[in-house]
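Single-letter residue listing:
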Amino acid sequence: MQVTVYTRHSADCKHSNNPHHRQCRCPKWLYARVDGKARRESASTRSWEKATRLARQKERDYEATQRGEKPKSGIVSLAYAIDEYLKSKKTVGKSPETIYKLEVLLKKQFLPWCLEQSVENLVDIKPVHVERFRTALAEGRVSYTQKHKNSLISLKKKHERLIGFFYFVGRHGWIASNPAAQIERVQAKRTPTDYFPRPEFDKILDATYVYDQKGVDVKEIKNNATRLRTMTLLLRWSGLALGDGITLTRDRLDKNNNLLLYRAKTGVPVYVTLPDSVADALRNVPPGPKPNPAYFFWSGNGEVKSAVKDWQRAYRRLFQITDIRTETGKKKRCFPHMFRDTFAVEYLLAGMALEEVSMLLGHTSIKTTEMYYAPFVVARQQKLVQSQRAAWKKMQVV
């Protein structure tokens, strides 16, 4: 296999007619032909020299694989290890969302950063490299699209993913120790889960009636508003994430208004009952621009994440219209995922057991539910109050 480097010029680049021009700062790509099929992938760099080193490394990795050789510790390239790790995650059925996050971190961020440091092989990666990479993330000096600073929560999650990657590498005997596990963990305090209390949720529903009134195609605008309102009701009363709501198929809703679901993120089966009014609205939701009889909201074409982005834009517009404010008068940060949080919190405030809410949410562990929603467990709060009063009696507090 021979891998060649070429440049994908931007529209305004004066060298756009020459894909082999090396000096411009346009993105560099790799081209190879394997088993009669053309393969193209981004080199995740704008440097011709770095892209060339990556191309040569891919050729060596391919030749070793063709010979049936197992990579030996100290000579395995980072690029090869990342490819193998991602293949493994796909094989065991990790969700597309999880795979995408791993690809962004490892292929789009960590690999290009390491190549810039002239670190190509696993054996050369030390704890100090991981720590410097994490610092670069925190300072916004690493990104494959636009440079932005990573929050502590984001840094914590990315560090954990790196630990998982190097754990995989270590199990294959390609490195002696896990460099990501040897540096200090990020201490990030999780902000309390926010949700929409009843008055705020009603205000959001009211805003759907004035959503996009000034359009040209009145019928389609009406459909958009009704579909947005129906989606909002579905998310609030099913506890689904936006992506799961978009891809919900009609056969999942039975005649008794029960939804049999599988959370895309965890694969856990979830059985949820909808209020009659919500189920009726869902059955009668008007079709979108490209209707598909199998789905309530999705056309069935393209990638789910593209559909999610479209709906997120609609919700940004809706929340702008709603203009929910905090007690201090500051504009409240609103996201579609807060409907799922509202679903959980309202049940907990009504006294439902944490274990039951965990099952409805499709969490694989009750610890996950507890981490996000423990402050809202009414029974636990009441027990704390009772314990306090019992202690007062012993202390003879009047």
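Residues numbered from 1 in each chain as written. Predicted model: local features only at pLDDT ≥ 70, side-chain atom pairs only at ≥ 80, totals over all residues. Heavy atoms only, no water.

1. Let's talk about the packing of helix α6 (residues 198–208) against helix α10 (residues 304–322)
Line of reasoning, step 1. At a minimum axis separation of 9 Å, α6 and α10 run at an interaxial angle of 110°. Between α6 and α10, the angle is such that the two are roughly perpendicular. At the point where α6 passes α10, the crossing takes the right-handed sense. Here α6 contributes Lys203, Ile204, Ala207 and Thr208 to the contact with α10, which in turn contributes Leu318, Phe319, Ile321 and Thr322.
Line of reasoning, step 2. In terms of residue class, the contact of α6 with α10 is made up of five nonpolar, two polar and one charged. (Axes fitted to C-alpha atoms, helices over the stretch in contact; angles between N-to-C directions. Helix = DSSP H or I, 4+ residues; strand = E, 2+ residues; numbered from the N terminus. Parallel < 35°, antiparallel > 145°, perpendicular 65-115°, else oblique. Left-handed = near helix turned anticlockwise from the far one by under 90°. Contact = heavy atoms within 4.5 Å. Nonpolar A, V, L, I, M, F, W, Y, C, P; charged D, E, K, R; others polar.)

2. Points about the packing of aromatic side chains
Line of reasoning, step 1. Per the counting criterion, the structure on display carries 17 aromatic pairs.
Line of reasoning, step 2. Taking 6.2 Å as the distance between ring centres and 35° as the angle between the ring planes, the aromatic pair formed by phenylalanine 319 and phenylalanine 339 counts as tilted. Linking phenylalanine 319 in helix α10 with phenylalanine 339 in helix α11 (residues 338–349), this pair joins segments that are 20 residues apart in sequence. The pair formed by phenylalanine 319 and phenylalanine 339 is uniform in burial state, with each residue classed as buried.
Line of reasoning, step 3. Through pairs of rings, three or more aromatic residues link up here, namely Tyr80, Tyr85, Phe110, Trp113, Phe133, Phe165, Phe166, Phe168 and Trp174. (Phe/Tyr/Trp six-rings, centres within 6.5 Å; stacked < 30°, edge-to-face > 60°. Buried < 20%, exposed > 50% of the residue type's maximum accessible area, 1.4 Å probe, protein only.)

3. Some words on the confidence of the model for the protein chain
Line of reasoning, step 1. Of all residues in the protein chain, 89% have pLDDT values of 70 or greater, and the mean over the chain is 85.
Line of reasoning, step 2. Taken element by element, the protein chain is modelled with least confidence in helix α14 (residues 378–395), mean pLDDT 78, and with most confidence in helix α9 (residues 276–283), mean pLDDT 95. (pLDDT = per-residue confidence, 0-100.)

4. With respect to the nonpolar core
Across soluble globular proteins, nonpolar side chains have a tendency to be buried as a group.
Line of reasoning, step 1. One finds Phe196, Met231 and Tyr315 to be the most contacted residues of the largest nonpolar core, which totals 52 residues.
Line of reasoning, step 2. At seven residues, α10 tops the list of elements feeding residues into this core.
Line of reasoning, step 3. The residues touching methionine 231, leaving out its near neighbours within four places in the chain, are Leu242, Gly245, Ile246, Phe297, Trp311 and Tyr315.
Line of reasoning, step 4. Formed by 45 residues, the second largest nonpolar core is a distinct cluster that contains Leu78, Phe110, Val142 and Ile163. (Core = buried A, V, L, I, M, F, W, Y, C linked by side-chain atoms within 4.5 Å.)

5. Focus on the pattern of salt bridges
Line of reasoning, step 1. For the structure on display, the rule yields 18 salt bridges.
Line of reasoning, step 2. The salt bridge involving lysine 87 is made with glutamate 84; its shortest N-O contact spans 3.5 Å. One end of the pair, lysine 87, and the other, glutamate 84, are both in helix α2 (residues 78–91), three residues apart, so they sit about a helical turn from each other.
Line of reasoning, step 3. In this structure glutamate 84 comes out as partly exposed when scored by relative accessible area, which is 23%.
Line of reasoning, step 4. Ionic pairing is found between arginine 198 and aspartate 202, a salt bridge with its closest N-O pair at 3.2 Å. Note that arginine 198 and aspartate 202 are positioned in helix α6 at a spacing of four residues, about one turn of the helix.
Line of reasoning, step 5. Here arginine 198 falls in the exposed class, since its relative accessible area comes to 59%.
Line of reasoning, step 6. By relative accessible area, which is 29% here, aspartate 202 ends up partly exposed.
Line of reasoning, step 7. Residues participating in the shared-partner salt-bridge network are Glu41, Lys58, Asp83 and Lys107. (Salt bridge = Lys/Arg side-chain N within 4 Å of Asp/Glu carboxyl O.)

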